[in-house]
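So the chains spell out like this:
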Amino acid sequence: MTKVNLGVNIDHVAVLREARRVNDPDILQALFVACESGADQITIHLREDRRHIQDVDVKNIMTHSKLPVNLECAIDTNILNIVCDMKPHRATLVPEKREEVTTEGGLDVFNYSSKICYAIEQLHDSLIPVSLFVDPTNEAMQKSKELGAEMVELHTGAFANIFAMLYGNLSHSNHSIKELEVPRYKLETMLEDELDKIKEASLYAKKLGLEVAAGHGLNYANVHHMMDIDEITELNIGQSIIARSVFTGLSDAIKEMKRLTTR
Ligand code: PXP
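Residues numbered from 1 in each chain as written. Predicted model: local features only at pLDDT ≥ 70, side-chain atom pairs only at ≥ 80, totals over all residues. Heavy atoms only, no water.

Enquirer: Help me understand the overall build of the chain, please; the structure alone is not making it clear to me.
Expert: A tally of helices and strands in the chain yields 12 helices and eight strands. The C-alpha atoms of the chain give a radius of gyration of 18 Å, which matches the 18 Å a tight globule of 263 residues would have. Counting only C-alpha atoms, the chain reaches 50 × 45 × 40 Å along its principal axes. Residues counted as buried form 50% of the 263 residues belonging to the chain. Across the chain, every contact between residues at least 6 apart in sequence was considered, and the portion connecting residues at least 24 apart equals 68%. Carbon and sulfur atoms make up 51% of the accessible area of the chain, which totals about 12700 Å². Separation of charge centres in the chain, based on 28 positive and 40 negative side chains, amounts to 3 Å. (Helix = DSSP H or I, 4+ residues; strand = E, 2+ residues; numbered from the N terminus. Rg over C-alpha atoms; globule rule 2.2 N^0.38 Å. Buried < 20%, exposed > 50% of the residue type's maximum accessible area, 1.4 Å probe, protein only. Contact = heavy atoms within 4.5 Å. Areas by Shrake-Rupley, 256 points an atom, 1.4 Å probe, with all protein chains shown as cover. Lys, Arg positive; Asp, Glu negative; His and termini not counted. Charge placed at Lys NZ, Arg CZ, Asp CG, Glu CD.)

Enquirer: Just to check I follow, could you spell out the nonpolar core for this structure?
Expert: In a soluble, globular protein the nonpolar side chains are often hidden away together inside. Membership of the largest hydrophobic core comes to 76 residues, with the highest contact counts inside it found for L93, L132 and L235. Residues contacting L132, with those up to four places away along its chain left out, are L93, L107, V109, I116, I120, S144, L147, A149, M151, V152 and E153. (Core = buried A, V, L, I, M, F, W, Y, C linked by side-chain atoms within 4.5 Å.)

Enquirer: What is the right way to read the site of the ligand from this model?
Expert: Residues in contact with the ligand amount to 12 residues; listed here are only the nearest, E72, E153, G217, G238 and Q239. Residue G238 places a main-chain N or O atom 2.8 Å away from an oxygen atom belonging to the ligand. Measuring from an oxygen atom of the ligand, one finds a backbone N or O atom of Q239 at 2.9 Å. Protein contact buries 93% of the 390 Å² of open area that the ligand shows by itself. Among the residues making up the shell around the ligand, the classes are represented as three nonpolar, seven polar and two charged. (Near = heavy atom within 4 Å. Polar contact = N/O pair within 3.5 Å; in protein donor to acceptor, adjacent residues only side chain to side chain. Nonpolar A, V, L, I, M, F, W, Y, C, P; charged D, E, K, R; others polar.)

Enquirer: Sorry if this is basic, but what is going on with the sheet that holds strand β1 (residues 5–9) here?
Expert: The strands making up a sheet are joined through hydrogen bonds of the backbone, oriented either antiparallel or parallel. If you walk around this closed barrel you meet the eight strands as β1-β2-β3-β4-β5-β6-β7-β8, and the pairing is parallel. Within this sheet the neighbouring strands show an average axis-to-axis angle of 25°, counted without direction. In the sheet, β1 pairs with strand β8 (residues 232–237) via four bridges, with the strands oriented parallel. Across the sheet, residue G7 finds its bridge partner in β8, namely N236. Sheet strands touched by helix α6 (residues 138–147): β5 (130–134) and β6 (151–155). Its angle to β5, the strand with the most contacts, is close to 155°. (Pairing = 2+ DSSP bridges. Axes fitted to C-alpha atoms, helices over the stretch in contact; angles between N-to-C directions.)

Enquirer: Sorry, what's going on with the packing of α6 against helix α9 (residues 184–207) here?
Expert: Two measures define how a pair of helices packs: the angle their axes make with one another and the distance between the axes. At their nearest, the axes of α6 and α9 sit 8 Å apart, and the two run at 25° to each other. As judged from the angle between their axes, α6 and α9 are roughly parallel. The interaxial crossing formed by α6 with α9 has right-handed handedness. Facing α6, whose interface residues are N138, M141 and Q142, α9 presents E200, A201, Y204 and A205. Residues that form the contact of α6 with α9 fall into these classes: four nonpolar, two polar and one charged. (Parallel < 35°, antiparallel > 145°, perpendicular 65-115°, else oblique. Left-handed = near helix turned anticlockwise from the far one by under 90°.)

Enquirer: What is the right way to read helix α7 (residues 157–167) from this model?
Expert: Structural remark: α-helix, 3.6 residues per turn; residues separated by three or four positions point the same way. Of the positions making up α7, those classed as buried are G157, F159, A160, I162, F163, A164 and L166. Along its buried surface, α7 packs onto β6, α9 and α10 (224–227). Directly beyond the C-terminal end of α7, a positive phi value near 70° is found at G168.

Enquirer: So what exactly am I meant to see when it comes to helix α2 (residues 27–36) here?
Expert: Along α2, the positions that sit buried rather than exposed are I27, L28, A30, L31 and A34. The arc that holds the buried residues of α2, viewed along the axis, is 155°, so those residues lie on one side. Exposed and oriented more than 90 degrees from the buried face of α2 are Q29 and E36. The secondary structure elements touched by the buried residues of α2 are α1 (11–20), β2 (41–45), α3 (55–64) and α12 (250–260). Where α2 begins, the capping side chain belongs to D26, and its oxygen is found 2.9 Å from the backbone nitrogen of L28. G38 occupies a position one or two residues after α2 and carries a positive phi of about 110°. (Arc of directions from axis to C-beta.)

Enquirer: When you look at the environment of A221 in this model, what are you seeing that I'm missing?
Expert: With respect to the helices, strands and loops of the structure, A221 is situated in the loop between β7 (211–215) and α10. A relative accessible area of 43% places A221 in the partly exposed class. Along the chain, A221 and L260 lie 39 residues apart, while their C-alpha atoms are 9.5 Å from each other.

Now the structure itself:
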C-alpha cells in the first residue's frame, strides 16, 4: 500500500482573519501547528478576489514552511506571475469564479486547453511542477497528460455531496441538493457510481504516469473511501479540519485526520 500525503488547506484560517481584517488568527501559527501535527503538505489558494489568502501570506508561508507548499491558483496572468515569483513546490491549477462559495467542478481541460497548456509551460519555465484539479473521468486524465501536467487532483465534490445526502451533513443553505429528494436506494447507487468513477480515473491516470491526488468535501466520515484507492497518494483537505479545530484545536483535528489517512 502506498503512503498518502495529507495536504492541510489552511485558507479558512485566513477567512476568519479577513472577517475582521486583523492578524488573528495568525496564518503562520496555523502553519507551525500543521507542521508539528502530522501534515505532509500545506495547501493554500491565492484567489483573484483575495477573499482569504493574501500575497503577503504566500510570501510568509513560503519563507517559513518546513513542509512543501501546494499553491492553488486560477489561470490568470497576474496570479500566474505571482506564483512563478513565489516558487511553490507545486502549483495546482483550479477553475475560479468570483461568485462561487468554493471551487465548484474541475477545470474544463477541453475548452480551455490552450490557456492551460500555456500556463503549464509558464510554470514549468519557473521549474514549478503542475497539478490540474479535474473531474474524475478518463478523458480528463488523458487530456491532462497531453497538456503536460505531472499530477491530477480529482475533484471529489460530487462524491462528497452524495455522501452528505445519504448520511446527512448538508448545511441548511445547500438547498439545490436537498431539494432533489432522491430516494435512499438511488443515492446508494449514485455513491457507488461516483466512487467507481474516481477509482477508474485514478487507475488510468497512474497508467499514464500521472501522480494522483484527490480533494474537495473530504471529511472525517467519508475519507475512508479514498483510502481504499491505492493510486491516490495525496489528499488535500481544508473545511472539515478547520471546522473541527474550532472545537478540538487545530493540532488534534489534524492528528485525527492524519490517523484516518494513514495506510
Ligand atoms: N483541493 C482543491 C483543489 C480545492 O480547491 C479545495 C478547496 O479550496 C480543496 C482541495 C479543499 O476542499 P475542502 O475545503 O472542501 O476540504
